[in-house]
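Examining the three-dimensional arrangement
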Amino acid sequence: MSELESVLREEWGRLLALLVAQYRRLDLAEDGLGDAFESASRTWPVDGVPTNPPAWLLTAARRRIVDRLRAEVVAVRKLPLLAVEAGLTEEAQRTMADAGEHVADERLRLVLLCAHPSLAPEAAAALTLRMVLGVPTEDIARLFLVSTSTMAARLTRARKRLGGERFAVPSGPELSDRVGVVGDVAYLAFTAGYAPGSGADVLRADVAAEAIRLVRVLRSLLAPDFPGHSELDALLALMLIQHSRRDARVQDGRLVLLPDQDRRLWHPDEEAEALTLLTPLVSAPPTPYLLQALIASEHAIARSAGDTDWPRIADRYRELEELTGSPVVRLNRAVAVAEADGPHAGLRLLAGLSLPGHRLPAARAELLARAGEPEAARASYDEAIGLCLNEAERAHLEGRRARL
């Protein structure tokens, strides 16, 4: 990773937050910062990396914003260009030197603004990835399975919707609600990266990693005693455990299910961090992310697939279903119950369940095959294959059907 790529990854959200706080316009801030990074890509390889890269970028971005404000006849002061540049440079150096609390506060404002309740969850997720983490528009488009032009239009609409909103940190229950939205947004992005709905990829580890980074950023901006901090800990633990298996989930382009994965390819450092986060939460009141993280941890602590405590996992899924009423949770619970009590027990839980997509008929087909009903299993596999849009998963289902 080059110096500029590293700065883009680490500083984009901070710098953008400062610019939005100063100029109160998302479009100006983002365009100005984008121009600054483009300028750096041309000048740094020739002139060398500046002593304070973030301050250099902040100066360049402010210069471009002032130029645009002048062009729009909006600038409050009309100073000679050299005076403006000198003032911008001095202010940028001072801002970055005094970073810390001020920058953290502005970054939190930006994170929470992107999770504004006026935005639909997918729009909030896309805007957060773009504004807070600096993920390129074309990569976000790939995540949401749309063209770059379509995603650019969605982002533009989201920015306009937030145009008149106050750039402020809400308080009380509103703050807790907004933080919860950010967590849900991060998990939406993570899930899309970990289980792509269509295309050739088995997973998109880079997108999942960006979602994890978003949760880390949010946790770093909130006080440890913030009411929603423990739920963020649980969410981060859940994501880390799932992400730790990325290298074992694919073999020669083929999907490898959890029981068949080579556990030596799992990342023990990420699992250890997750378990450390979960340890103080084991006796806490159950929440959706905590229960999912505890379920994931059962796989992490099992030495092998055969050592997995499926009865405990089934109980956790029962708690989770009682808490959420989610049909997806019922599907996962049925799979766990089948492992603990046999395929017929799992099939009974699937009776009457309705879900869009291929995952329900795929699970039913697997359990029917185990129950010794190959014809019914074949029919369910055919249904799942017809509904599956992900090439790797479809190939996996075709292979399972062929082995009946």
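Residues numbered from 1 in each chain as written. Predicted model: local features only at pLDDT ≥ 70, side-chain atom pairs only at ≥ 80, totals over all residues. Heavy atoms only, no water.

Here the focus is the pattern of salt bridges. Evaluation of the coordinates by the stated rule reveals 20 salt bridges. Two residues, E270 and R246, come together in a salt bridge whose shortest N-O distance is 2.9 Å. Here R246 lies in the loop between α11 (229-243) and β2 (250-251) and E270 lies in helix α12 (residues 268-278), a separation of 24 residues in the sequence. One salt bridge in this structure joins R330 and E321, with 2.6 Å as the shortest N-O distance. Residue classification places E321 among the buried positions, given a relative accessible area of 13%. Beyond isolated ion pairs, a larger network of salt bridges with shared partners links E339, E366, R370 and R400. (Salt bridge = Lys/Arg side-chain N within 4 Å of Asp/Glu carboxyl O. Helix = DSSP H or I, 4+ residues; strand = E, 2+ residues; numbered from the N terminus. Buried < 20%, exposed > 50% of the residue type's maximum accessible area, 1.4 Å probe, protein only.)

Across its 14 residues, helix α18 (residues 374-387) extends 20 Å between first and last C-alpha, which sits within 8% of the 20 Å expected from 1.5 Å per residue. Within the span of α18, buried status applies to A377, S380, Y381, A384 and I385. For α18, the angular spread of buried residues about the axis comes to 140°, placing them on one side. When the buried face of α18 is taken as reference, the exposed residues oriented beyond 90 degrees from it are E375 and G386. Those residues of α18 hidden inside the fold are in contact with α17 (359-370) and α19 (391-402). (Expected span 1.5 Å × (residues − 1). Arc of directions from axis to C-beta. Contact = heavy atoms within 4.5 Å.)

Before going further, it helps to spend a moment on the packing of α12 against helix α13 (residues 288-301). The N-to-C vectors of α12 and α13 enclose an angle of 135°; their axes lie 11 Å apart at closest approach. The angle between the axes of α12 and α13 places the two elements in the oblique class. Viewed along their axes, α12 and α13 form a crossing whose handedness is left-handed. Residues E271, L275 and L278 of α12 touch α13, and the partners they reach there are L290, A293, L294, S297, A300 and I301. Taken together, the residues of the contact of α12 with α13 break down into 7 nonpolar, 1 polar and 1 charged. (Axes fitted to C-alpha atoms, helices over the stretch in contact; angles between N-to-C directions. Parallel < 35°, antiparallel > 145°, perpendicular 65-115°, else oblique. Left-handed = near helix turned anticlockwise from the far one by under 90°. Nonpolar A, V, L, I, M, F, W, Y, C, P; charged D, E, K, R; others polar.)

A few words now on the environment of A60. Along the chain, A60 turns up in helix α3 (residues 53-71). What makes A60 buried here is its relative accessible area of 3%. Spatially, the C-alpha atom of A60 lies 8.2 Å from that of S39, the residues being 21 residues apart in sequence.

Another aspect to go through is the packing of aromatic side chains. Scanning all chains against the criterion turns up 4 aromatic pairs. Relative to F190, the ring of Y187 lies with its centre 6.1 Å away and its plane at 15°, an arrangement referred to as stacked. You can see Y187 and its partner F190 sitting in helix α9 (residues 172-194), 3 residues apart, about one turn around the helix. For the residue pair Y187 and F190, the accessibility class agrees, reading buried in each case. One aromatic cluster is present, built from ring pairs that chain together Y187, F190 and Y289. (Phe/Tyr/Trp six-rings, centres within 6.5 Å; stacked < 30°, edge-to-face > 60°.)

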